[in-house]
Amino acid sequence: MKKLAVVTGANRGLGFETCRQLAQRDIQVILTSRDRVKGQTAVDKLQAEKLDVKYHPLDVTNPESIESLSQFISKEFGHLDILVNNAGILTDWVENPDGDIFKAKVDTLRETIETNVYGPLQLCQQLIPLMKVQNYGRVVNLSSSLGKLSSNMDFTVFPTYGITKTAVNAVTVLFANALKDTNILINSVNPGWVQTDMGGPHAIRTIAEGVDTIVWLATLPDGGPTGGFFQDKNLITW
Ligand SMILES: NC(=O)c1ccc[n+]([C@@H]2O[C@H](COP(=O)([O-])OP(=O)(O)OC[C@H]3O[C@@H](n4cnc5c(N)ncnc54)[C@H](OP(=O)(O)O)[C@@H]3O)[C@@H](O)[C@H]2O)c1
């Protein structure tokens, strides 16, 4: 039987390419987005490539939307195999381009944390029980080099975004600990600086390069790593 994957924030960028590459590996993919038209357009593109991809709406900041996705999967499929917590926002580059922590705004942090941390947290809470059904699961949480505590001694950019990516790493470790006696593996990934709308045109990696480790973590063999932080398929420090 085909494995079933959910990817959040998948109408463009890394999420969209993750859907494509998972489906190319014969995985059935539920592509989710908060905007129905953008999401359906993205699905149409992948279906035109003969890939097994379906659409379901999901705003990761809305608990009812998360619950509705969970109920849909439970009813239609009875289980889930793969979750890629990809949806993310980065807003402080506009209001705090110098990355000055003294100017970081709590309102920006609150808004960013809703998407980048509370979203993945609640998706794990709602969807991992559907992985327990078959004692199989792979969860990938999109972090960043700015989520590395060690990087924050070197970089001075995007402080509120960085705080949220550090926090999502904590979400990874806490779930990994809770799931350590299961075949449900959960890891964080730093995709590098990638040429998406968020990364901008000067980024050094193509989207395909950015997705490589995401897809690897989403398809880890049994007995693979859990509770880690990965870049280029290598474990990196927090
Ligand atoms: N690009 C990089 O260099 C880079 C580096 C490190 C980490 N990352 C991380 O990689 C992930 C993907 O980034 P990207 O570069 O592909 O960014 P992107 O091109 O800006 O795409 C972000 C996606 O997230 C979606 N999204 C935002 N808020 C959402 C919400 N509340 N509910 C559902 N979807 C939502 C967006 O949907 P809309 O189209 O509706 O806005 C969009 O589809 C993010 O978590 C990002 O932090 C990226």
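For the structure, check the block above.
Below or above, wherever it landed, is the structure these notes cover. Computed from a predicted structure; not experimentally measured.

For Asp232, which is not a glycine, the phi torsion comes out positive at approximately 50°. Tracing the sequence through the fold places Asp232 in the loop between β7 (229-231) and β8 (234-235). One non-glycine residue, Lys233, lies in the positive phi region at around 65°. Inspection of the secondary structure puts Lys233 in the loop between β7 and β8. According to the relative accessible area criterion, Lys233 is partly exposed, its value standing at 36%.

Take the site of the ligand next. If you check the shell around the ligand, you find 29 residues, and the closest are Asn11, Asn86, Tyr161, Val194 and Thr196. A distance of 2.8 Å is found between an oxygen atom of the ligand and a side-chain nitrogen or oxygen belonging to Arg34. Between the ligand and Lys165 there is a distance of 3.0 Å, counted from an oxygen atom to a side-chain nitrogen or oxygen. When the ligand is considered free in solution it has 900 Å² of accessible area, and contact with the protein chains removes 95% of it. The site holding the ligand turns out to be the largest pocket. Every element with two or more residues in the shell around the ligand is listed here: α1 (13-24) and α6 (159-178). Among the residues making up the shell around the ligand, the classes are represented as eleven nonpolar, twelve polar and six charged.

Scoring rules and cut-offs
Residues numbered from 1 in each chain as written. Predicted model: local features only at pLDDT ≥ 70, side-chain atom pairs only at ≥ 80, totals over all residues. Heavy atoms only, no water. Helix = DSSP H or I, 4+ residues; strand = E, 2+ residues; numbered from the N terminus. Buried < 20%, exposed > 50% of the residue type's maximum accessible area, 1.4 Å probe, protein only. Near = heavy atom within 4 Å. Polar contact = N/O pair within 3.5 Å; in protein donor to acceptor, adjacent residues only side chain to side chain. Areas by Shrake-Rupley, 256 points an atom, 1.4 Å probe, with all protein chains shown as cover. 1 Å grid on protein atoms, 1.4 Å probe; cavity = no way out; pocket = protein on both sides within 12 Å on 5 of 7 lines; lining within 4 Å. Sits in = over half its atoms within 2 Å of the grid points. Nonpolar A, V, L, I, M, F, W, Y, C, P; charged D, E, K, R; others polar.

Read these as spatial facts, not as claims about activity.
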